[in-house]
Amino acid sequence: QVQLVESGGGLVQSGGSLRLSCAASGSIFSINTMGWYRQAPARQRELVATISSRKSTNYVDSVKGRFTISRDNAKNTVTVYLQMNSLKPEDTAVYYCAAREYYRSSFSYWGQGAKVTVSS
């Protein structure tokens, strides 16, 4: 089992920055890819960014050049960050950290969610 605990989020003006953090504990040796999803009101959940155990990254087109995902692999925990710059009102959503194990094709562990609100 893997536990994910998020922190960060909040209210920021358009053009501002925020950083989200997600600490993974438990069976972290099984984790390959970690990622951030977001879900805005009345919209489908969207995969924002992913980072593999080798720190290979991918981003949805709408955040490329503005968001940066990073990862720290420690002995007993893995922490993933999402640095969000040049925020826009359309970035407003609940952001969820997720983890995918090596032998699975989908994300199976989820954080509790962090609300990000960008005012215009």
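No experiment lies behind these values; they were computed from the predicted model shown.

So, how was this worked out
- Residues numbered from 1 in each chain as written.
- Predicted model: local features only at pLDDT ≥ 70, side-chain atom pairs only at ≥ 80, totals over all residues.
- Heavy atoms only, no water.
- Helix = DSSP H or I, 4+ residues; strand = E, 2+ residues; numbered from the N terminus.
- Rg over C-alpha atoms; globule rule 2.2 N^0.38 Å.
- Buried < 20%, exposed > 50% of the residue type's maximum accessible area, 1.4 Å probe, protein only.
- Contact = heavy atoms within 4.5 Å.
- Areas by Shrake-Rupley, 256 points an atom, 1.4 Å probe, with all protein chains shown as cover.
- Lys, Arg positive; Asp, Glu negative; His and termini not counted.
- Charge placed at Lys NZ, Arg CZ, Asp CG, Glu CD.
- Salt bridge = Lys/Arg side-chain N within 4 Å of Asp/Glu carboxyl O.
- Pairing = 2+ DSSP bridges.
- Axes fitted to C-alpha atoms, helices over the stretch in contact; angles between N-to-C directions.

**Examining the overall build of the protein**
The secondary structure content of the protein amounts to zero helices and 11 strands. The globule rule puts the C-alpha radius of gyration for 120 residues at 14 Å, and the 14 Å found for the protein is close to it. Dimensions of the protein, computed from the C-alpha atoms along their principal axes, are close to 40 × 25 × 25 Å. Looking at the protein as a whole, 43% of its 120 residues are labelled buried. Within the protein, residue pairs in contact and separated by at least 24 positions form 54% of the contacts whose partners lie at least 6 positions apart. Here the protein displays about 6400 Å² of accessible surface, and carbon together with sulfur accounts for 46% of that area. One finds the centroid of the 14 positive side-chain charges in the protein at a distance of 4 Å from the centroid of its 7 negative side-chain charges.

**A short note on the pattern of salt bridges**
Close approach of charged atoms lets side chains of opposite charge pair. Scanning the model with the defined rule gives five salt bridges in all. With a shortest N-O distance of 2.8 Å, Glu46 and Arg38 are connected by a salt bridge. Take Arg38: its relative accessible area is 7%, and that puts it in the buried class. Between Glu101 and Arg104 there is a salt bridge, and its shortest N-O distance comes to 2.7 Å.

**Side note on the sheet that holds strand β7 (residues 67–73)**
Strand order in the open sheet formed by four strands is β1-β3-β8-β7, and the pairing between neighbours is antiparallel. If you trace the sheet from one side to the other, it starts and ends with β1 (2–7) and β7, each paired once. Each strand axis lies, on average, 15° off the axis of its neighbour in the sheet, ignoring direction. Strand direction decides the pairing type here: strand β3 (residues 18–26) and strand β8 (residues 78–84), joined by seven bridges, are antiparallel. Counted as the bridge partner of Leu20 is Leu82 from β8.

Keep in mind that these numbers describe shape and distance, not what the molecule does.
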